Amino acid sequence: MTGLAIDYGTLLPALIPMGGAVLVLIADLVRPSLRQLPYVIAVLAVLGASAATIPGLAQAPGDAQATLCVQPVGEAVGSGTLQPGVEGLPQSCFWQADSLTSSLQFGAGLAALVVVLLAWPRARARVAADGTREPIEAILFLVSFAGTVVVAASRDLGTWLIALEVATLPVIGLVALRGGRGAVGGAVQLLVTSLVSFAMLVLGAALWLVATGTPMLDANAALLGQGYQVEASGAASVALPDTSTAILGLAVVLIIAGLGFKLSLVPFHAWTPTAYSGATVPVATFLATVSKIGALAALLVVLRAVSVLGASALGAIALLAALSMTVGNIMALRQNDVVRLLAWSTVAQAGWVVLPLVSVSALGNRASGIYLLTYVAATAVAFAVVALTVRERSGSGRSLESYEGLWRRSPWRAGALGLALMSLAGLPPGIIGLVGKIVALRPIVVEGWIWLAVIAAANAVLGVAVYLRWLRPIVTTPEVVGAPEPIETTGAGLRTRPGPGNRRVIIAGLVVSSALLAVVSVQPDVLLRLFG
């Protein structure tokens with residue numbers, strides 16, 4: 001007889017944002033006139049979920065917080081409650097959160113906090129003509145964030161696939177919620193690529209199940225797929241390999257391709273610039289940060305399972321990394337719209353994120369997580385500056401020319417954006433960006449992938465040109481120093497409404513993200529210690 005041990009404390013990082021989404025629904029029913037209340041609830045839910053991941057950050061290597069464990073009746077995990085189970089099912093846990101998983105969940109929480117602050121509405125009260133955009137947006141943010149948290153800790157195919165879609169589908173709605181042809185076009189492209197991605201992931205999951213005979217995404221399942229017999233003690237005895245080896249390899253390739261869409265890896269990247277430019281700045285920020293954490297977390301679940309096989313490298317990942325870095329940087333050099341520039345930057349940085357995963361090892365997994373959070377911190381700051389500029393300059397805040405002379409108009413904002421760009425480029429004073437690139441290069445150099453290291457180094461130089469191109473107008477003195485900003489007016493001579501968002505709250509989001517980036521730039525050890 002078996003039982004299911006449930007530790008609800010371990011599940012809090014996922015339960016809190018889902019509970020927050022329910023509270024937003026209730027609040028909108030009780031007080032529908034309050035526009036800012038859904039965002040207050042969203043901020044509290046995100047903060048609570050982030051705090052719930054902190055105990056997992058201090059775990060020793062090899063330790064993990066596990067729950068939803070199928071095991072003999074009478075053996076509970078932590079303070080878990082036993083529920084009736086399935087006879088004959090081997091001991092396994094559907095949720096495992098070690099230090100790497102908790103670090104990604106914590107990073108997703110901080111990024112989601114910045115996104116909610118950037119999306120904060122201007123007015124406290126809603127008039128009848130305003131509709132109900134705010135509660136819908138807050139719910140979609142929270143549900144997608146909850147999916148990201150779950151997918152990082154999931155260890156079975158069913159939870160993994162469902163959590164991936166829960167993290168993806170709300171973002172499609174967020175992109176379309178802006179309205180207009182650009183938003184609809186971006187949402188449609190994102191929907192189509194999501195469907196293709198899901199089809200590939202389902203096929204890969206089916207092949208995994210055929211090869212291993214188990215829905216679990218763990219080392220024991222991978223060993224079974226390679227023709228090993230796993231004993232009750234956890235040891236593996238060699239058996240003759242069969243066709244399941246090839247099937248398992250094909251499953252991993254399909255899963256990598258399916259997640260390549262979500263990570264914006266070339267050639268699965270076509271949706272990225274269209275969706276980013278069609279979405280609002282907060283939604284584009286969510287796509288570039290929280291969604292990317294969810295996609296990498298999903299990939300790490302699979303690669304950590306197959307790393308026990310001792311495979312030295314994955315050539316498919318090497319090719320995707322090289323193509324993504326090169327195409328992303330070249331296309332970013334051609335952009336005048338800063339949101340599209342950041343979209344192509346995401347493509348290039350995705351290549352750096354998966355670069356260490358060429359080495360299927362714990363070192364590669366850790367390096368990939370470190371680089372991803374480095375990219376997320378810097379990108380969140382850049383998008384926060386863009387959101388504030390769009391708020392002040394309405395439709396003109398997305399062009400590079402809008403940032404000309406920024407250091408004179410707002411030195412602190414120019415400093416924050418400069419630090420973000422230098423971090424993405426890997427140049428001082430963005431020390432964390434340089435550390436991240438070194439950490440990302442180390443596993444492939446250890447594995448002897450010299451040609452890939454050379455391509456990465458060349459793209460590091462090309463990336464410097466990308467970000468210096470944006471930095472140049474920031475530090476350039478405008479032709480007419482001290483001239484007042486042009487005021488857009490309607491035909492009646494009245495001021496037009498400023499761009500979306502609450503200026504004070506956007507500034508708070510910029511301060512939070514800039515402070516985090518400054519801390520990890522001054523003390524890179526803070527980020528490195530998160531991953532053990």
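### Regarding the packing of helix H4 (residues 133–153) against helix H5 (residues 157–177)
Moving on, step 1. Running from amino to carboxyl end, H4 crosses H5 at an angle of 155 degrees, the nearest separation of the two axes being 8 Å. What the angle tells us is that H4 and H5 run roughly antiparallel. Crossing handedness for the pair H4 and H5: left-handed. Seen from H4, the contacting residues are Arg133, Ile136, Glu137, Leu140, Phe141, Val143, Ser144, Gly147, Thr148, Val150 and Val151; seen from H5, they are Thr159, Trp160, Ala163, Leu164, Val166, Ala167, Pro170, Val171, Gly173, Leu174 and Leu177.
Moving on, step 2. Across the contact of H4 with H5, the residue classes break down as 15 nonpolar, five polar and two charged.

### What to know about the environment of Gly173
Moving on, step 1. Within the secondary structure, Gly173 sits in helix H5.
Moving on, step 2. For Gly173, a relative accessible area of 28% gives the class partly exposed.
Moving on, step 3. With 33 residues separating them in the primary sequence, Gly173 and Leu140 have C-alpha atoms 7.6 Å apart.

### So, the packing of aromatic side chains
Moving on, step 1. Scanning all chains against the criterion turns up seven aromatic pairs.
Moving on, step 2. For the ring pair Tyr39 and Trp120, a centre distance of 6.0 Å and an interplane angle of 45 degrees mean the geometry is tilted. One end of the pair, Tyr39, is in helix H2 (residues 37–57); the other, Trp120, is in the loop between helix H3 (99–118) and H4, with 81 residues separating them in the sequence.
Moving on, step 3. Judged by relative accessible area, which is 11%, Trp120 ranks as buried.
Moving on, step 4. Measuring from centroid to centroid gives 4.8 Å for Phe261 and Phe268, while their planes differ by 50 degrees, and the two rings are tilted. Grouping residues by exposure puts Phe261 and Phe268 together as buried.

### Notes on the pattern of salt bridges
Moving on, step 1. Here the structure, examined in full by the defined rule, presents six salt bridges.
Moving on, step 2. Between Glu137 and Arg133 there is a salt bridge whose closest N-O contact spans 3.5 Å. Placement of both Glu137 and Arg133 in helix H4 is noted, with a separation of four residues, approximately one turn of the helix.
Moving on, step 3. Glu137 sits in the buried class, given a relative accessible area of 4%.
Moving on, step 4. Relative accessible area serves as the criterion here: at 27%, Arg133 is assigned to the partly exposed category.
Moving on, step 5. The residue Lys262 makes a salt bridge to Glu165 at a minimum N-O spacing of 3.7 Å. Of this pair, Lys262 sits in helix H8 (residues 244–263) while Glu165 sits in helix H5, and the two are 97 residues apart along the sequence. Residue Lys262 shares its accessibility class with Glu165, and that shared class is buried.
Moving on, step 6. Shared partners join several salt bridges into a network, and the residues in it are Glu392, Arg413 and Arg503.

What counts and what doesn't
- Residues numbered from 1 in each chain as written.
- Predicted model: local features only at pLDDT ≥ 70, side-chain atom pairs only at ≥ 80, totals over all residues.
- Heavy atoms only, no water.
- Axes fitted to C-alpha atoms, helices over the stretch in contact; angles between N-to-C directions.
- Helix = DSSP H or I, 4+ residues; strand = E, 2+ residues; numbered from the N terminus.
- Parallel < 35°, antiparallel > 145°, perpendicular 65-115°, else oblique.
- Left-handed = near helix turned anticlockwise from the far one by under 90°.
- Contact = heavy atoms within 4.5 Å.
- Nonpolar A, V, L, I, M, F, W, Y, C, P; charged D, E, K, R; others polar.
- Buried < 20%, exposed > 50% of the residue type's maximum accessible area, 1.4 Å probe, protein only.
- Phe/Tyr/Trp six-rings, centres within 6.5 Å; stacked < 30°, edge-to-face > 60°.
- Salt bridge = Lys/Arg side-chain N within 4 Å of Asp/Glu carboxyl O.

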